[in-house]
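Chain by chain, the residues run as shown.
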Amino acid sequence: QVQFVESGGGLVQPGGSLRLSCAASGSISRIYVMGWYRQAPGKQRELVATIESSGGRTNYADSVKGRFTISRDNAKNGWYLQMNSLKAEDTAVYYCYANLAQSPWHPLGDYWGQGTQVTVSS
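What you see is a predicted model, and the numbers here were worked out from it, not measured in a lab.

Asker: Can you explain the sheet that holds strand 1 (residues 2-7)? Please cite residues and give values.
Answerer: One open sheet accounts for four strands, arranged 1-3-8-7; its pairing is antiparallel. A single partner strand is all that each edge strand has here, and the edge strands are strand 1 and strand 7 (68-73). Between one strand axis and the next, the sheet turns by 15 degrees as a mean value, whatever way the strands run. Relative to strand 8 (residues 78-83), strand 7 is paired through six bridges, and the arrangement is antiparallel. Of the residues in strand 8, the one forming a bridge with D73 is G78.

Asker: So what about the nonpolar core? Which residues, and what values?
Answerer: Counting residues in hydrophobic clusters, the biggest one holds 30 residues, and the most contacted among them are W36, W79, L81, M83 and Y94. For this core, the secondary structure elements donating two or more residues are strand 1, strand 3 (18-26), strand 4 (30-39), strand 5 (46-52), strand 7, strand 8, strand 9 (92-101) and strand 11 (116-120). No other element matches the five residues that strand 9 contributes to this core. Setting aside residues no more than four positions away along its own chain, Y94 makes contact with E6, L20, W36, Y37, R38, V48, F68, L81, M83, G115, T116 and V118.

How each quantity is defined
Residues numbered from 1 in each chain as written. Predicted model: local features only at pLDDT ≥ 70, side-chain atom pairs only at ≥ 80, totals over all residues. Heavy atoms only, no water. Pairing = 2+ DSSP bridges. Helix = DSSP H or I, 4+ residues; strand = E, 2+ residues; numbered from the N terminus. Axes fitted to C-alpha atoms, helices over the stretch in contact; angles between N-to-C directions. Core = buried A, V, L, I, M, F, W, Y, C linked by side-chain atoms within 4.5 Å. Buried < 20%, exposed > 50% of the residue type's maximum accessible area, 1.4 Å probe, protein only. Contact = heavy atoms within 4.5 Å.

Take a look at the structure:
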């Protein structure tokens, strides 16, 4: 079993900032990629940002480049999304994501958190 604890969502005014956190626990051998996805009402889930556990290479959606920053703490199996200059169109449920192996004998799999609501509104 793999569990994610997400925190940091909420209501913020346009131009404001929020920091999302995700902590993974349970049966985890190694996390390869950590990230965040989001889903707005009536839209498909989309990638926001990912970071590789080893090396720290990052990838961002074009819509958030320069405004959002993803970071990680491998020792805590945690990762974070600093969101600045938030816009109304950033409103969505944000899901933490990991590509990980539960044991050296398990294949890699994709795992998702329950989601946290981010609302950007005046």
